[in-house]
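Coordinate inspection notes
Next come the chains, spelled out residue by residue.
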Amino acid sequence: MTQGRPTQGRPTETNPAPARGPLNRRLAAFGTTIFAEMSALAQRTGSINLGQGFPDTDGPEEIREAAVRALRAGHGNQYPPGPGVPELRDAVAAHQERFYGLTWSPETEVLVTTGATEAIAASLLALLEPDDEVIAFEPYYDSYAACIAMAGAKRVPLTLRAPDFRPDLDELRTLITPRTRLLLLNTPHNPTGTVLTPDELSGIAALAVEHDLLVVTDEVYEHLVFTGAHHPIAALPGMRERTVSISSSGKTFSYTGWKIGWVTGDAPLVAAVRAAKQYLTFVSGGPFQYAIAEALALPDAFFTGFREDMRRKRDLLAEGLRTAGFRVYEPEGTYFITTDISPFGDEDAYAFCRALPERCGVAAVPNSVFYDDPEAGRSQVRFTFCKREEVLRKAVERLCDM
Ligand SMILES: *Cc1c(COP(=O)(O)O)cnc(C)c1O
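Every residue gets a number counted from 1 within its own chain, in the order that chain's sequence is written. Note on the predicted model: pLDDT of at least 70 is required for a residue's local features to be given, and 80 or more for side-chain atom pairs to be given and counted; whole-chain, interface and lining totals, by contrast, use all residues. Working from all heavy atoms in the structure, the side-chain values ignore hydrogens and water.

1. What about the sheet that holds strand β2 (residues 110-114)?
The mixed open sheet is built from seven strands, whose spatial order is β2-β8-β7-β6-β5-β3-β4. Each of the sheet's edge strands pairs with one partner strand only, and the pair in question is β2 and β4 (154-159). Taken pair by pair, the neighbouring strands of this sheet meet at an average axis angle of 25°, ignoring direction. In this description, strands pair whenever DSSP reports at least two bridges between them. Here a helix means four or more residues in a row that DSSP labels H or I, a strand means two or more in a row labelled E, and each is numbered from the N terminus. The pairing of β2 with strand β8 (residues 260-265) spans five bridges and is antiparallel. In the sheet register, Thr 114 faces β8, and the bridge partner there is Ile 260. Helix α5 (residues 115-127) rests against β2, β5 (180-186), β6 (214-218), β7 (243-248) and β8 of the sheet, and its axis sits at about 160° to β7. Any two residues having at least one pair of non-hydrogen atoms within 4.5 Å are treated as being in contact. Axis definition: a line fit to C-alpha positions, over the contact stretch in the case of helices; interaxial angles, taken between N-to-C directions, run 0 to 180 degrees. The strands touched by helix α6 (residues 142-150) are β3 (133-138), β4, β5 and β6; relative to β5, the strand with the most contacts, the crossing angle is about 160°.

Given below as structure tokens:
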């Protein structure tokens with residue numbers, strides 16, 4: 001389980017080998033996240049941090065003001081209701097109906113969580129039994145592997161391979177066993193930028209129905225799709241009763257520090273997730289919940305404007321990375337670009353990323369640590385473009401001079 005996760009698995013400066021062996025066997029492979037490691041390195045060297053995906057400007061002013069108003073008015077300063085404040089549950093349900101035609105009961109089919117991170121943890125802890133198998137795309141978002149391990153389950157990777165990073169549904173079929181309990185999806189996909197097509201989603205849904213599998217789908221980049229459109233798998237025939245959909249305000253509204261996320265799904269599934277969630281954080285972010293309720297009701301122009309702004313930034317960074325000599329895999333969604341460093345005669349993404357800040361004052365993240373198959377992502381490096389244009393230009397200049 002640990003091979004292919006060099007930073008998490010192997011003792012490093014920031015992740016020393018414990019003298020008496022791992023304190024927790026399930027989590028022995030998960031020391032410091034790669035984001036913490038590379039962000040610390042960026043800070044130490046004064047580098048531009050294109051490693052961790054957080055915007056360097058805050059989201060809409062009126063939404064920040066809404067949070068201030070809620071704080072001042074005493075809305076949410078004490079424990080909010082376990083499932084989330086009614087205003088936000090209504091807003092989440094209205095948003096799902098407005099963009100996707102999905103109807104959920106705000107009372108029983110919406111659950112507010114501490115970001116998508118807690119939604120993922122609570123869903124996996126709630127729905128998995130020890131030794132269940134979970135099929136997830138790799139490269140995967142790092143918390144997936146840790147949460148599957150915390151649940152005592154086993155992850156089975158479906159590898160998305162360069163250059164196009166499409167899931168191979170024939171391969172998916174061969175990975176399904178009698179122990180398979182759940183498919184963990186992520187579309188738009190971090191870090192590759194793959195957006196699942198209607199055909200791919202139908203194929204996956206058909207397998208889920210045929211084998212009676214649960215689906216947990218992480219859709220935090222639902223509003224950052226540049227090619228095609230976002231389609232929630234929950235809307236497909238036979239999927240409503242087996243799908244837990246996860247999203248969050250962090251990426252869409254550029255307030256990643258507020259940690260307001262949510263789960264939608266059929267009432268029994270949401271009840272199961274709530275049972276786990278109430279013993280993780282119980283509740284969080286009271287006043288922010290009111291502000292995000294307002295954010296979700298922003299007019300279409302906000303969502304389109306945000307996407308088009310990010311598209312310009314993607315194009316700027318993609319062009320710059322190409323000029324600097326990287327092989328660029330153009331993302332269909334998210335705010336990340338995956339590149340390949342082979343044109344530099346280099347193959348080891350992790351070593352490349354550890355050296356990059358010293359070399360030219362830019363930090364990035366190696367995709368290799370998000371794969372179990374050490375060869376599949378060996379030479380891939382991820383950059384984020386959710387930064388101001390002048391910052392992206394400066395980073396490109398530095399990379400071109402390297
Ligand atoms: C950022 C991110 C998350 C975490 O979202 P939070 O709301 O900040 O907890 C989950 N999944 C993916 C794919 C992400 O990129």
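That shown, we press on.
2. What about the site of the ligand?
Whether a residue is near a molecule or strand is decided by its heavy atoms; if any one of them lies within 4 Å of it, the residue is near. Every one of the 13 residues lining the ligand counts as a neighbour, but Thr 117, Asp 218, Tyr 221, Ser 248 and Lys 251 are closest to it. N or O atoms within 3.5 Å of each other form a polar contact, as long as, within protein, one can give a hydrogen and the other can take it, and as long as residues adjacent in sequence are counted only when both atoms are side-chain atoms. Interatomic distance of 2.6 Å between a side-chain N/O atom of Ser 248 and an oxygen atom of the ligand. It is α5 that provides the largest number of residues to the shell around the ligand, a total of four residues.

3. A few points about the UniProt feature "domain: Aminotransferase class I/classII large" (unreviewed entry) in the protein
In this numbering, the UniProt entry assigns the feature "domain: Aminotransferase class I/classII large" (unreviewed entry) to residues 48-399. Between the C-alpha atoms that bound residues 48-399 the distance is 11 Å, and the span itself is 41% helix and 17% strand. UniProt positions are given in the numbering used here, feature names are shortened, and annotations may be inferred rather than shown by experiment.

4. Quick look at the side chain of Lys 387
Summarising the element assignment, Lys 387 is placed in the loop between β13 (380-384) and α14 (389-401). Look at Lys 387: it is buried, it has no salt bridge, and the nearest opposite charge is Asp 56 at 5.7 Å. At 2.5 Å, the side chain of Lys 387 forms a polar contact with the backbone oxygen of Phe 54. Exposed residues in this analysis have more than 50% of their type's maximum accessible area, buried residues have under 20%, and partly exposed residues fall in between, with area computed by a 1.4 Å probe over protein chains only. Counting rule for charge: Lys and Arg are taken as positive, Asp and Glu as negative, and neither His nor the chain ends is counted. The term salt bridge refers to a side-chain nitrogen of Lys or Arg lying within 4 Å of a carboxyl oxygen of Asp or Glu.

5. Observations regarding unusual backbone geometry
The omega torsion across Ala 162 and Pro 163 is 5°, close enough to zero to call that bond cis. Within the secondary structure, Pro 163 sits in the loop between β4 and α7 (169-175). Across the junction of Thr 187 and Pro 188, the peptide omega takes the value -10°, indicating a cis bond. Looking at the element boundaries, Pro 188 is found in the loop between β5 and α8 (198-210). Phi at Lys 259 takes a positive value of approximately 55°, unusual for a residue other than glycine.

6. What about the side chain of Asn 186?
Note that Asn 186 resides in strand β5. We classify Asn 186 as buried; its relative accessible area is 4%. Here the side chain of Asn 186 touches Asp 218 through a polar contact of 3.0 Å, landing on its backbone oxygen. Excluding anything up to four places from it in sequence, Asn 186 contacts Phe 137, Tyr 144 and Asp 218.

7. Looking at a nonpolar patch on the surface
A surface patch of nonpolar side chains, amounting to about 240 Å² of accessible area, comprises Leu 125, Met 150 and Leu 280. Turning to its location among the elements, Leu 125 is positioned in helix α5. Candidates for patches are residues over 30% relative accessible area with no salt bridge; among them, like charges are joined within 9 Å and nonpolar side chains (Val, Leu, Ile, Met, Phe, Trp, Tyr) within 5 Å. Methods summary: accessible areas were calculated by the Shrake-Rupley approach with a probe of 1.4 Å, and residue burial reflects only the protein chains presented.

8. Some details on the domain arrangement of the protein
Annotation of the protein at the domain level lists domain 1 (30-56 + 299-399) and domain 2 (60-296). Spacing between the C-alpha centres of domain 1 and domain 2 amounts to 24 Å. Contact residues are listed per partner, giving 33 residues for domain 1 and 40 residues for domain 2. Buried area: the accessible surface (1.4 Å probe) lost by two parts on joining, summed over both. Carbon and sulfur atoms supply 61% of the area that domain 1 and domain 2 bury against each other, a total of about 3,100 Å² over both sides. If you sort the residues of domain 1 by the area they bury against domain 2, Phe 303, Glu 332 and Thr 334 come out on top, with a joint share of 23%. Our count for the contact surface shared by domain 1 and domain 2 stands at four salt bridges. Residue Arg 155 pairs with Asp 372 through a salt bridge whose shortest N-O separation is 2.7 Å. How far each domain reaches was decided by an automatic or database domain assignment.

9. Some thoughts on the pattern of salt bridges
Summed over all chains, the structure comprises 26 salt bridges. Salt-bridge contacts for Arg 354 lead to Glu 37; the nearest nitrogen and oxygen are separated by 3.8 Å. With Arg 354 in helix α13 (residues 349-360) and Glu 37 in helix α2 (residues 34-45), this residue pair connects regions lying 317 residues apart in the sequence. Put simply, Asp 56, Arg 388 and Glu 390 are held in one network by salt bridges that share partners.

10. Re the state of the cysteines
For the purposes of this analysis, a disulfide is any pair of cysteine sulfur atoms at a distance within 2.5 Å. Applying the stated rule across the entire model yields zero disulfides. Lacking any disulfide linkage, Cys 353 is separated from the closest cysteine sulfur, that of Cys 360, by 11 Å. We note that Cys 360 lacks a disulfide partner, and the nearest cysteine sulfur, in Cys 400, lies 9.7 Å from it. Among the residues examined, Cys 360 registers a relative accessible area of 12% and is labelled buried.

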